[in-house]
Structure formats: structure tokens, C-alpha cells
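Working through the structure, step by step
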Amino acid sequence: MRVLFMGTPDFALFTLKALVEAGYEVVGAVTQPDKPKGRGYELQPPPVKVYATEHQIPVYQPATLKNGAFDEELAALAPDVIVVVAYGKILPLSVLNYPRYGCINVHGSLLPQYRGAAPMQRAIMEGCTETGITTMLMNEGLDTGDMLQTVRVAIEENDNFEQIHDKLGAAGAALLLETLSALADGTVAPVAQDDTKATYAAKIEKRDCLIDFAKDAHTVHNTVRGLSPVPLGFTHTPDGKLLKVIETRLAKSGAALAAPGTVLSLDGAVEVACGTGSVLLTRVLPEGKGRMSAADYIRGRRIAVGDVLK
RNA sequence: CGCGGGGUAGAGCAGCUUGGUAGCUCGUCGGGCUCAUAACCCGGAGGUCAUGUGGUUCAAAUCCCAUCCCCGCAA
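Before going further, it helps to examine the sheet that holds strand β6 (residues 81–85). Strand order in the open sheet made by the seven strands is β5-β2-β1-β6-β7-β8-β9, with mixed pairing throughout. Of all the strands in the sheet, the pair left with one neighbour each is β5 (59–60) and β9 (146–154). Where helix α1 (residues 10–21) meets the sheet, its contacts fall on β1 (2–7), β2 (25–30), β6, β7 (103–107) and β8 (130–137), and the angle it forms with β1 comes to roughly 165°.

Following this line, the structure appears as C-alpha cells:
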């Protein structure tokens, strides 16, 4: 089966790798164009490009697929199926309709919940205890295609985005291989999504990252872990400096008798009062510094009991 | 040449503006106290202050110049 892969970030790599290692004929990798990133605006190739190049897979980085812009290449590659994982562009009908087996998307949620750009982060931030992977037959909508197969993955109390990302990445790669062979065997029946149950996982914006200590401790904890290790939830110390929070734990102690954001204790971790309960900041990233444990942060004497984070 | 912070003992930091004895909180080693301890007390080891054997100076962690490395923002 000739497979054309479309994907961009690390998350897509799990699946591309699985396809290659399973012996599929990956005829090409379509990924986003290199973009200037980081300090000095250096051009950075997306992870999928790096991997594909290393494995002698032809790389395509069209600015757009619309208006037949990719039709010529598509005809030359003649894929039987297109596998799409976190590609980042809309596929026009001319592409969607081309492959015999269609365009299969690996999505990081149990559809129809968390359609959209940031399903893993949103699921964690909203305190879900379970998420998963759905493979589906893509259509013109945003993650609205008919579902093929799903796999469930538990979200533990302290799982952060990275851990869920890796778990779902591995689960997604495995599921896709199953879906592909099921498709080839004709043993899978597409199931339409129940649109009335659909929810959207919007892209993570800056405003989503500001920690609101007025919320209850669980919400604060969920926000932090859903955004860790990138882009990271943040707050500000009394001197106005940025303080990003890498990791929190729910404090065992009960209700906090202090205004939200108040530092309650500094015994190995920074305990901060929330609207209800309190959380322990266990790893942080001060402005202009690197990531460090809360114990180190405290040793530097950059914070005192009674300080208010906001 | 996008903007900015930083490189001082094993860790996290102060000192730099107003050059002149290497400081703080921990860790570590030894001793003491204690039924006991991650608690407390006493003592010690450990640093070419990123690099240049650079410039200024009687004197540079501190001022000037160059280079390397780390980080945040923005995209």
C-alpha cells in the first residue's frame, strides 16, 4: 500500500516512524514549510522533515494545498491512502478524494469531544481522567469525519501534557496500523460522529497560560500540568517578574485562610493559596533563568511567605 | 543583525551603580547536643568570579572591548 504521510510536529513522528518500521511504502512526507523560530529567527525544519530526510523519504512543503496547488505531485505519488497527523493545514476536496482508501487522520481525543488544535492540553486542563485516540476518515470539516477506531488512555492525577502527548503518540501510532490493516481487509465500518456531543479544543493562547489562583486548587493544578512542559502556565512575583510554573502538586492541607495567590509556606516547595485549597509549586522557571526545583528557587531567596503571586 | 536577562564553591543566589579582605541560604565532611532526628550548636574543606595570561588602573568579580555558552520574550 502506497502511503503518503502528512504531519508536522513531534506528535506526528510516532506514527510516521511506526509506518516506516512496519514496512509500509511511505512515498512522501508533506509537512509545513520551514519557519523562522527561536532567537535570531533561525529557520527551523519541522521534526517530520528531519526524520523523513534521514530515511530518504521525499519531503514536500507546499505553502498551500488549495486550488489544485498539490494535484500534480499527488498524481505523481499516487498514494492509496493519506495518513494525516497534526499537519496544520486544511485539506481541500481534491486531496481528500484522491486516495482509494481516503485520508485517515489520527486525532488525540475521543471524538466528537475535543475536536480542534489542542485536544490533549484541553483535556488535561479541564480535569478529564480519560482521553484517547480516534482514527477517522477525514472530510472537509474540522475533525468531523466518520470515526474508524478508538483507543482509550487514562489521565493520571499528575500526568502533564508531555506524558499524555507521549502516551497518545504511541497509542495513536499503534492504532493507525490497526486501522490501516482493517481498512485493507474491509473489516472496519465508519461511524458518524454525534455532532450534538461535539466540543472544541481551541488552540492555546497566551491568556490561557495565566494562572488564576482564585480558582480552586484542582483547576490550578490542571492548568499547570496541561501546559507543561510547554508553553507553561505563568504568574508574577510581587516585583513584577514573570514566574512560570512547571509542576505542581495538590497540597494535602485543607482550606487556606489567605487571599488567593498568597505564599503560605516554603518548606521544600512553594505553597500557594487558591480560591479553594492550595497547591505546592514544585518546579518553576523564573524570568531570565532556567528551570529549577522549588527548593532551589527558595534557596535563592527570591520569595517569602506572605508574598502574593498574581 | 528582532527585544531582553544571565554565566561568582556541588545547587540556588548576593556583591558590580559609588574598583581595594570572596558573602548568603543549602549541600558536603568532622565534632557536639539528644531516647532520637531531615531539628539545633560548633568547626572545616571547596571558587584562576564563563573565556581572553585583552584594555584602563597602584589595584578589577566590579569599569571598557572581544569571544563562547545558557535562558526568557516575541514570531
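In terms of burial, strand β14 (residues 278–286) is a largely internal element, seven of the nine residues being buried. Bridge count for strand β11 (residues 242–250) against β14 is seven bridges, and the pairing is antiparallel. For Lys244, the partnering residue across the bridge sits in β14 and is Leu285. Here strand β13 (residues 270–273) pairs with β14 via four bridges, running antiparallel. Bridging across to β14, Val272 finds its partner in Val279. Bridge count for β14 against strand β15 (residues 292–293) is two bridges, and the pairing is antiparallel. Counterpart to Arg283 in the pairing with β15 is Ser293. If you look at the hairpin formed by β14 and β15, you'll find five residues sitting between the two strands, and Gly288 has a positive phi there, around 75°.

With that out of the way, let us pick up the protein's contact with RNA strand B. Taken together, 18 residues surround RNA strand B, and among them Lys244, Lys289, Asp296, Arg299 and Arg302 come closest. When the atoms of RNA strand B within 4 Å of the protein are sorted by group, sugar and phosphate make up 53%. Within the side chain of Arg39, an N or O atom sits 3.2 Å from a base nitrogen of RNA strand B. A distance of 2.8 Å separates a sugar or linking oxygen of RNA strand B from a polar atom in the side chain of Arg299. Listing elements by their share of the surface near RNA strand B, those giving two or more residues are β3 (35–37), β11 and α9 (294–299). Residues belonging to the surface near RNA strand B are distributed by class as follows: five nonpolar, four polar and nine charged.

About the thresholds
- Residues numbered from 1 in each chain as written.
- Chains lettered and ligands numbered in written order.
- Predicted model: local features only at pLDDT ≥ 70, side-chain atom pairs only at ≥ 80, totals over all residues.
- Heavy atoms only, no water.
- Pairing = 2+ DSSP bridges.
- Helix = DSSP H or I, 4+ residues; strand = E, 2+ residues; numbered from the N terminus.
- Contact = heavy atoms within 4.5 Å.
- Axes fitted to C-alpha atoms, helices over the stretch in contact; angles between N-to-C directions.
- Buried < 20%, exposed > 50% of the residue type's maximum accessible area, 1.4 Å probe, protein only.
- Near = heavy atom within 4 Å.
- Polar contact = N/O pair within 3.5 Å; in protein donor to acceptor, adjacent residues only side chain to side chain.
- Nonpolar A, V, L, I, M, F, W, Y, C, P; charged D, E, K, R; others polar.

Any functional reading would require information that these geometric values do not contain.
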